[in-house]
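Listed below are the residues making up each chain.
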Amino acid sequence: MGMPSLDSVLDTVADRVTPDSDERERLAATAATLTDRAEAALADHDIDGDVLQVGSTARGTWLAGDRDIDLFVRFPTDYDRAELERLGLAIGHEVLPEGHEEYAEHPYVTGEFDGFAVDLVPCYAVDSATAIRSAVDRTPFHTRYIDDRLDDDLARDIRVFKQFLKGIEAYGSDLRTEGFSGYLAELLVVEYGGIEPLLRAAADWHPPITLDPEDHGEVRFDDPLTVIDPTDPERNVAAVLSATNLARLQHYARDLLADPREELFHPSEPAALDHEAVRTHLADRETTAAAIVFETPDIVEDQLYPQLRKSLSGVVDGLERHEFGVIRSTTLADTDRSVLLIELADTTRPAIERHEGPPVAVRDHAEGFFESYVDDDTVYGPFLDGDRYVVERPREVTDARQYLDSDAIFEVALGAQIETALADDYELLWDEAVATLADAFGTELAAYFEPTP
């Protein structure tokens with residue numbers, strides 16, 4: 001039996017991820033009920049506003065089984081921000097009595113209704129996305145822009161592309177994932193006229209890539225992928241997307257085009273490692289593993305993960321500045337504990353380090369360097385090596401274990417809440433002790449020690 005064609009694979013996936021008529025009808029009926037409730041609440045508060053359904057369920061581009069309904073309650077612009085937040089929450093609680101408050105740029109009410117996850121978000125009824133008062137104000141314009149350009153074929157291809165992104169674990173614009181948002185996925189499919197031309201283009205991209213569907217961009221962005229928002233010439237829709245996830249799309253686009261198969265549309269979680277498996281990996285690699293373990297700060301994920309990455313980068317930079325070779329590093333986190341995991345090639349350095357001065361021909365600087373060290377009994381030199389002065393001076397840090405177990409880690413760039421958590425208390429695990437993390441992070445450690453693109 002021959003290899004399946006790309007068309008047949010895409011057709012099979014499309015059949016699987018397209019909501020059936022029963023699901024569409026149930027969602028439409030639920031959205032209508034919630035909209036009626038929200039409009040009645042607006043009237044009760046004597047607010048001349050309206051209610052819009054937004055997002056993929058409004059555009060018909062949601063995946064079968066995704067049970068999210070996003071309703072935006074739009075207020076006139078003469079309400080101040082405090083009034084919008086207070087009344088928006090009041091209306092949200094009236095529509096969703098069992099709901100609870102969450103916070104993005106401003107608070108909103110989220111909850112469940114008839115088996116659907118519902119967000120009720122207050123926003124301003126502005127005339128254009130360039131007149132927004134908060135980030136959520138532009139969302140209705142996104143819905144209108146995509147809706148005006150959709151036909152059944154493009155909607156189908158959007159669903160298939162979203163499932164592909166889920167399969168390769170690059171879907172989601174949260175700051176933990178740093179992947180493709182639903183709106184970005186929709187824009188890309190619309191821009192290229194379908195999933196196949198998009199995949200063929202992505203396979204050949206040479207980042208940085210800039211796409212400007214409305215040819216109206218006013219700002220240059222330093223991102224691997226820039227997609228100028230068709231509703232806002234100063235916004236990059238792909239700003240959150242990491243270079244890794246862009247490269248992941250390119251890798252798997254080439255893989256799918258070369259070998260079409262449905263399995264690429266299914267996320268595959270690696271089997272969790274146990275203590276012994278982690279110990280075996282470390283022994284085979286002959287590296288030194290260090291784990292800085294501390295209590296996870298009580299902050300939302302979109303704050304936690306950028307701070308974890310900043311802190312890990314700071315510690316790695318500190319180690320590398322003292323010439324300890326870092327093989328690889330990662331962050332791990334759950335609601336209880338967070339971990340900065342670092343794998344070192346070496347943990348000790350000689351007592352001296354080489355320090356080169358300027359070329360002798362650069363007289364003023366060369367003489368200044370020479371005079372700085374000529375009477376220093378702690379250094380070897382100054383001596384000439386080629387055309388420049390050199391000294392060998394005592395190394396400030398010679399042991400990575402001592403370095404990580406000292407206050408020196410507080411001298412590197414750390415996330416604010418991570419620094420506070422570390423100051424409260426942290427545990428430093430080395431080598432085989434790192435294997436105990438498998439109890440809580442066995443799946444994440446499997447992804448680390450058995451990496452895939």
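No experiment lies behind these values; they were computed from the predicted model shown. (Residues numbered from 1 in each chain as written. Predicted model: local features only at pLDDT ≥ 70, side-chain atom pairs only at ≥ 80, totals over all residues. Heavy atoms only, no water.)

So, on to the sheet that holds strand E10 (residues 337-344). The sheet built from 4 strands is open, its strands ordered E9-E10-E8-E14 with antiparallel pairing. This sheet does not close on itself; its edge strands, each paired only once, are strand E9 (326-333) and strand E14 (427-430). Pairs of neighbouring strands in the sheet enclose a mean axial angle of 15°, with direction left out of account. Across 7 bridges, E9 lies against E10 in antiparallel orientation. Counterpart to Ser329 in the pairing with E10 is Ile342. (Pairing = 2+ DSSP bridges. Helix = DSSP H or I, 4+ residues; strand = E, 2+ residues; numbered from the N terminus. Axes fitted to C-alpha atoms, helices over the stretch in contact; angles between N-to-C directions.)

Let us now look at the sheet that holds strand E2 (residues 68-75). Strand order in the open sheet made by the 5 strands is E1-E2-E5-E4-E3, with mixed pairing throughout. The open sheet has two edge strands with one neighbour each: strand E1 (50-54) and strand E3 (100-103). Strand-to-strand twist of the sheet, defined as the mean angle between neighbouring strand axes without regard to direction, takes the value 30°. In this sheet, strand E4 (residues 107-113) lies alongside E3 in antiparallel orientation, the contact comprising 4 bridges. Bridge pairing in E4 links Glu102 to Tyr108. Sitting on the sheet, helix H4 (residues 81-95) is in contact with E2, E3, E4 and strand E5 (116-124), with an inclination near 155° to E5. The strands touched by helix H5 (residues 139-149) are E1 and E2; relative to E1, the strand with the most contacts, the crossing angle is about 55°. (Contact = heavy atoms within 4.5 Å.)

What follows covers the nonpolar core. As a rule of thumb, nonpolar side chains are buried together in soluble globular proteins. Core analysis: the largest hydrophobic core is formed by 48 residues, its most contacted members being Phe161, Phe164, Phe180, Leu188, Trp205 and Leu249. Looking at this core, the elements that each hand over two or more residues are helix H1 (6-17), H5, helix H6 (152-167), helix H7 (182-192), helix H8 (195-203), strand E6 (209-211), strand E7 (225-227) and helix H9 (243-258). Contact partners of Phe161, with chain neighbours within four places excluded, come to Ala185, Leu188, Val189, Ile195, Leu198, Leu199 and Leu249. Grouped together as the second largest cluster of nonpolar side chains are 30 residues, Ala290, Phe294, Leu319 and Ala421 included. (Core = buried A, V, L, I, M, F, W, Y, C linked by side-chain atoms within 4.5 Å. Buried < 20%, exposed > 50% of the residue type's maximum accessible area, 1.4 Å probe, protein only.)

Looking now at the packing of aromatic side chains. Under the counting rule described, the total for this entry stands at 7 aromatic pairs. For the ring pair Phe75 and Tyr79, a centre distance of 5.7 Å and an interplane angle of 75° mean the geometry is edge-to-face. When sorted by exposure, Phe75 lands in the same class as Tyr79, which is buried. Ring geometry for Phe370 against Tyr389: centres 5.1 Å apart, planes inclined by 45°, an arrangement best described as tilted. A residue pair is termed long-range when its members are at least 10 positions apart, and Phe370 in helix H12 (residues 363-373) and Tyr389 in strand E13 (residues 388-394) qualify at 19 residues. In this structure Phe370 comes out as partly exposed when scored by relative accessible area, which is 29%. Using a relative accessible area of 16% as the deciding quantity, one classes Tyr389 as buried. Here the basic side chain of Arg24 rests over the ring of Trp62, its NZ or CZ set 5.5 Å away from the ring centre. One Lys or Arg, Arg67, reaches over the ring of Phe116 and ends 4.2 Å from the middle of that ring. (Phe/Tyr/Trp six-rings, centres within 6.5 Å; stacked < 30°, edge-to-face > 60°. Lys NZ or Arg CZ within 6 Å of the ring centre and 35° of its normal.)

To continue, consider the packing of helix H10 (residues 275-285) against helix H15 (residues 438-449). In helix packing, the relevant descriptors are the interaxial angle and the interaxial distance, both defined with respect to the helix axes. At a closest axis distance of 10 Å, the pairing of H10 and H15 adopts a crossing angle of 40°. Overall, the two elements H10 and H15 adopt an arrangement that is oblique. The handedness of the crossing between H10 and H15 is left-handed. Contact residues: H10 offers His275, Val278, His281, Leu282 and Arg285, while H15 offers Ala438, Asp439, Leu445 and Phe449. (Parallel < 35°, antiparallel > 145°, perpendicular 65-115°, else oblique. Left-handed = near helix turned anticlockwise from the far one by under 90°.)

Note: strand E12 (residues 380-385) against E13, 4 bridges, orientation antiparallel. The residue of E13 that forms the bridge with Asp385 is Arg388. Connecting E12 to the antiparallel partner E13 that follows it, the hairpin turn spans 2 residues, and Gly386 within it adopts a positive phi of roughly 70°.

This brings us to unusual backbone geometry. The omega angle of the peptide bond from Pro207 to Pro208 is 5°, so this bond is cis rather than trans. Inspection of the secondary structure assignment puts Pro208 in the loop between H8 and E6. Here the amide bond leading from Gly381 into Pro382 is cis, since omega sits at 5°, within 30 degrees of zero. Within the secondary structure, Pro382 is located in strand E12. With phi around 55°, Glu286 is a residue other than glycine that occupies positive phi space. For Glu286, the location among the structural elements is in the loop between H10 and strand E8 (288-295). A residue is classified by how much of its surface remains accessible, and Glu286, at 70% relative accessible area, is exposed.

Over its 12 residues, H15 runs only 12 Å from end to end, short of the ideal 16 Å by more than 12%, given 1.5 Å per residue. Within H15, burial applies to Ala438, Phe441, Gly442, Leu445, Ala446, Tyr448 and Phe449. Those residues of H15 that are buried are in contact with H10, E9 and E10. (Expected span 1.5 Å × (residues − 1).)

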